[in-house]
Amino acid sequence: MARLTRELALLGTLVVLSACHSEPSSLDTQLAAAPRPAAPQTSRGSAQALADSHHDHGMLCADCHVAGMELDDGESAENSACVGCHAAQTLGDDAPSTAVTPHDSHLGKVYCTLCHHGHTFSQSYCTNCHIFEFRIPFDGVPAFSDPALQESLHSEDTTDIVVVGSGGAGLTAAIAAADLGARVVVIEKQPLTGGNTLLSAGGMNAANTKYQQALGIEDSVALMISDTLRAAGPTSHPDLVEVMANQSSASVDWLTTLGVDLSDVGKLAGASVKRAHRPKNGKAIGPHLIQVLRGAVETRKLDLRVNTKATRLLEDETGRLVGLEVVGKHRQRYAIRANAIVLAAGGFSANIQRVVAYRGDYAGMTSTNQPGATGDGMDLGASLGAELLDMDQIQIHPTLGAGTRILITEAVRGNGAVLVNHEGQRFVNEMATRAIVAAAVLALPERTALLVFDEAVRSSLDQVAGYAALGLLTRADTLDKLASEIGLPAAALVSTVASYNDAYTSDPNREDPNYHRAIPQAIATPPFYAIEVTPGVHYTMGGLSIDVGARVLRPDGSAILGLYAAGENTGGIHGADRLGGNSISEAITFGKIAGENAAHWCTTAH
Ligand code: MEZ
């Protein structure tokens, strides 16, 4: 019934749409004459593509495609045409039964063609990560073409710098390079920008910031370095860690100047003090950060190309890096000549086969990552002889919503939640590093635990509303009732929370005697909440070897001239275990260094 309603709503909109169309153009005539691909069979029977349906309702090709113009890989004219007729956000508004609509949430931008394809069958992009019980109209079998199959080199562009990847590190590098006068092209193989940064929740670590000072938090660069190295262990490169920590406060200031709100400072696991900066009210940092960086890219009119995958770095006959070869969704294979390249294409946690090749014990786990995180940037660097470090150091995050790919931010524990086993007892210091907490959850017979917290924690973090909207939260007025809702022995849960609260009120250091956790507040304000959680693959600590100037290095320590890298594409900082909040910190600081040094290289080289 719900589906019927949705389809009727769509048809209604299409009737409105027929008022939108224009006179037939030569493009229409050409397209009408062109052979159409046969409609594939889908689970809904013989399906009709979106374009055919529009056609049936009296629309012409030129209503969606700008006559005489080639399709750009970002499909910007087509997206504008959708919005022009439908207005943003009308079609999906009746979709899921929750408050979340596919057009809101963390995309922060309307990309109609992300899901709605014209001539191949539509596919919900969100279901790469979410399990939603809805289908979009005209869905079907995705028709992804393998770019490697498109052989001919079509054309060539020229610029100063190409940035590969449009997450936090890539967009930062692009902005920093452009601000020094370089011409920059950013390429992104996914249909939308943001990378894993778009999904990032807990915050950005920085020491000695104006926000910490305003909140009376005493921190230092030395403490941030020692916290990071303690978790990372001996394979970490202290020179890189020092740069990250030293520059972290300046990076916060730089982001603030662009318009990022980092005024809420929270504690994440393994940090000695509150150091994770995020928007006020504990909002997730990622969508906000990416929205501001996208805005800065737009203001600077940078050339940002989605649906464009880097396939090969190009050298001349002397071995000098001279650009790269890419494949665009429509433009197909072409070259971009450039003096410098910044690899900021992230890690490979979404490539579970690759993860399992290094870590067989992670077989069967899900990943928190966006689908594009497959390690291409690492392979590109390696193809020119770059060293790959610590590739088997792969972090699992202890708290994904059980049975989902949704990360429940560490900030929930940081603000006071406890983890209990299925007997209602605590079993670990919830603020220990991820390797420790994840191992403790996996050692439970069920391999899942319950995150339990109260209204004080919920109201301190706006992002908990998202978990509720996704159906992950159980809520009850008392701990007894909560226990019975989630199938725990009530007396045990009540007694666990009572002794935790007792430690908060009676211990002068507010530390619990069993696991030595510093307790931020008692769990005492109803209603009470629980989320069942389990570990999942989250972050690849390894990657390209770089120096403090973000130059990509060979195994002998020499730099590959003109090649820079930043963010999760690189290895060396996080060693065996990354602290929550350090990935955004690294991405911004090294993204900026990479962009600036690439720009300097362009003005001084050759
Ligand atoms: O840096 C991270 O991975 C992080 C802070 C994740 C989270 O739990 O929010």
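Residues numbered from 1 in each chain as written. Predicted model: local features only at pLDDT ≥ 70, side-chain atom pairs only at ≥ 80, totals over all residues. Heavy atoms only, no water.

1. A word on the overall build of the protein
Point 1. What the protein contains, in helices and strands, is 20 helices and 22 strands.
Point 2. Within the protein, counting contacts between residues at least 6 apart in sequence, those at least 24 apart form 73% of the total.
Point 3. A total accessible area of about 24,400 Å² is found for the protein, and carbon and sulfur atoms account for 54% of it. (Helix = DSSP H or I, 4+ residues; strand = E, 2+ residues; numbered from the N terminus. Contact = heavy atoms within 4.5 Å. Areas by Shrake-Rupley, 256 points an atom, 1.4 Å probe, with all protein chains shown as cover.)

2. Quick notes on the site of the ligand
Point 1. Taken together, Ala-201, Gly-202, Leu-268, His-397, Leu-407, Thr-409, Glu-410, Arg-434, His-538, Arg-578, Gly-580 and Gly-581 make up all the residues around the ligand.
Point 2. Here His-397 contributes a side-chain N or O atom positioned 2.7 Å from an oxygen atom of the ligand.
Point 3. Thr-409 places a polar side-chain atom, nitrogen or oxygen, 2.6 Å from an oxygen atom of the ligand.
Point 4. Here the ligand has 270 Å² of accessible area as a free molecule, and 95% of this is covered by the chains.
Point 5. A breakdown of the residues in the shell around the ligand according to their chemical character gives 3 nonpolar, 6 polar and 3 charged. (Near = heavy atom within 4 Å. Polar contact = N/O pair within 3.5 Å; in protein donor to acceptor, adjacent residues only side chain to side chain. Nonpolar A, V, L, I, M, F, W, Y, C, P; charged D, E, K, R; others polar.)

3. Thoughts on the environment of Leu-289
Point 1. For Leu-289, the position within the fold is in helix H11 (residues 285-299).
Point 2. For Leu-289, a relative accessible area of 0% puts it in the buried group.
Point 3. For the pair Leu-289 and Gly-168, spaced 121 residues apart in the sequence, the C-alpha separation amounts to 7.7 Å.
Point 4. For Leu-289, the contacting residues outside a window of four places in its chain are Thr-197, Leu-255, Val-260, Ile-584 and Ile-588. (Buried < 20%, exposed > 50% of the residue type's maximum accessible area, 1.4 Å probe, protein only.)

4. Re the sheet that holds strand E8 (residues 276-278)
Point 1. Read from one edge of the open sheet, 3 strands run E6-E8-E7, paired in antiparallel fashion. Only two strands of the sheet have a single neighbouring strand rather than two, namely strand E6 (204-205) and strand E7 (264-266).
Point 2. Direction of pairing for E7 relative to E8: antiparallel, over a ladder of 3 bridges. By the bridge assignment, Gly-266 is partnered in E8 with Ala-276. (Pairing = 2+ DSSP bridges.)

5. A look at the packing of aromatic side chains
Point 1. Counting across every chain of the model gives 2 aromatic pairs.
Point 2. For the ring pair Phe-348 and Tyr-358, a centre distance of 5.7 Å and an interplane angle of 45° mean the geometry is tilted. Of this pair, Phe-348 sits in the loop between strand E13 (340-343) and helix H12 (352-358) while Tyr-358 sits in helix H12, and the two are 10 residues apart along the sequence.
Point 3. A cation over a ring is seen here: Arg-331 above Tyr-334, with NZ or CZ 3.6 Å from the ring centre. (Phe/Tyr/Trp six-rings, centres within 6.5 Å; stacked < 30°, edge-to-face > 60°. Lys NZ or Arg CZ within 6 Å of the ring centre and 35° of its normal.)

6. A word on the pattern of salt bridges
Point 1. Counted according to the given criterion, the structure contains 28 salt bridges.
Point 2. For Asp-227, the salt bridge goes to Arg-275, with nearest N and O atoms at 2.9 Å. In this pair, Asp-227 sits in helix H9 (residues 221-232) while Arg-275 sits in the loop between E7 and E8, placing the two residues 48 residues apart along the sequence.
Point 3. Across the salt bridge formed by Arg-413 and Glu-410, the nearest N and O atoms sit 4.0 Å from each other. Pair noted here: Arg-413 and Glu-410 are both in helix H14 (residues 410-414), with a separation of 3 residues, about one helical turn. For the pair Arg-413 and Glu-410, one class covers both residues: buried.
Point 4. Three or more residues are tied together by salt bridges with common partners; here these are Asp-157, Asp-303, Arg-305 and Arg-331. (Salt bridge = Lys/Arg side-chain N within 4 Å of Asp/Glu carboxyl O.)

7. Brief notes about the nonpolar core
Point 1. Within the largest apolar cluster, 87 residues are counted, with the highest numbers of intra-cluster contacts made by Ile-161, Leu-324 and Phe-590.
Point 2. No other element matches helix H20 (residues 582-604), which puts 10 residues into this core.
Point 3. If near-sequence neighbours (up to four positions away) are discounted, Phe-590 is found in contact with Leu-240, Val-243, Met-244, Ile-546, Asp-547, Val-548, Ala-550, Ala-566 and Ile-573.
Point 4. Ile-406, Ala-449, Tyr-467 and Tyr-529 belong to the second largest nonpolar core, which has 27 residues in total. (Core = buried A, V, L, I, M, F, W, Y, C linked by side-chain atoms within 4.5 Å.)

8. What to know about the packing of helix H18 (residues 479-486) against helix H19 (residues 490-506)
Point 1. Their axes nearest at 8 Å, the elements H18 and H19 cross at an angle of 130°. Viewed along their axes, H18 and H19 adopt a mutual orientation that is oblique. The interaxial crossing formed by H18 with H19 has right-handed handedness. The residues of H19 that touch H18, namely those facing Leu-479, Asp-480 and Ala-483, are Ala-490, Leu-493, Val-494 and Val-497. (Axes fitted to C-alpha atoms, helices over the stretch in contact; angles between N-to-C directions. Parallel < 35°, antiparallel > 145°, perpendicular 65-115°, else oblique. Left-handed = near helix turned anticlockwise from the far one by under 90°.)

9. A look at the sheet that holds strand E11 (residues 321-328)
Point 1. Pairing in this open sheet of 4 strands is mixed, and the strands run E3-E12-E11-E10 from one edge to the other. Each end of this open sheet is capped by a strand with a single partner; those strands are strand E3 (156-158) and strand E10 (308-315). Within this sheet the neighbouring strands show an average axis-to-axis angle of 25°, counted without direction.
Point 2. Bridging between E11 and strand E12 (residues 332-337) involves 6 bridges; their strand directions are antiparallel. Each bridged residue has a counterpart across the sheet, and for Glu-325 the counterpart in E12 is Ala-335.

10. Comments concerning H11
Since the α-helix turns once every 3.6 residues, residues separated by three or four places project in the same direction.
Point 1. The terminal C-alpha atoms of H11 lie 21 Å apart, and with 15 residues this matches the ideal 21 Å at 1.5 Å per residue to within 8%.
Point 2. Within H11 the residues assigned to the buried category are Ile-285, Gly-286, Leu-289, Ile-290, Val-292, Leu-293, Arg-294, Ala-296 and Val-297.
Point 3. Those residues of H11 hidden inside the fold are in contact with helix H7 (168-179), E6, helix H10 (238-258), E8, strand E9 (303-305) and H20.
Point 4. Looking one or two residues past H11, Lys-301 carries a phi angle of roughly 55°, positive in sign. (Expected span 1.5 Å × (residues − 1).)

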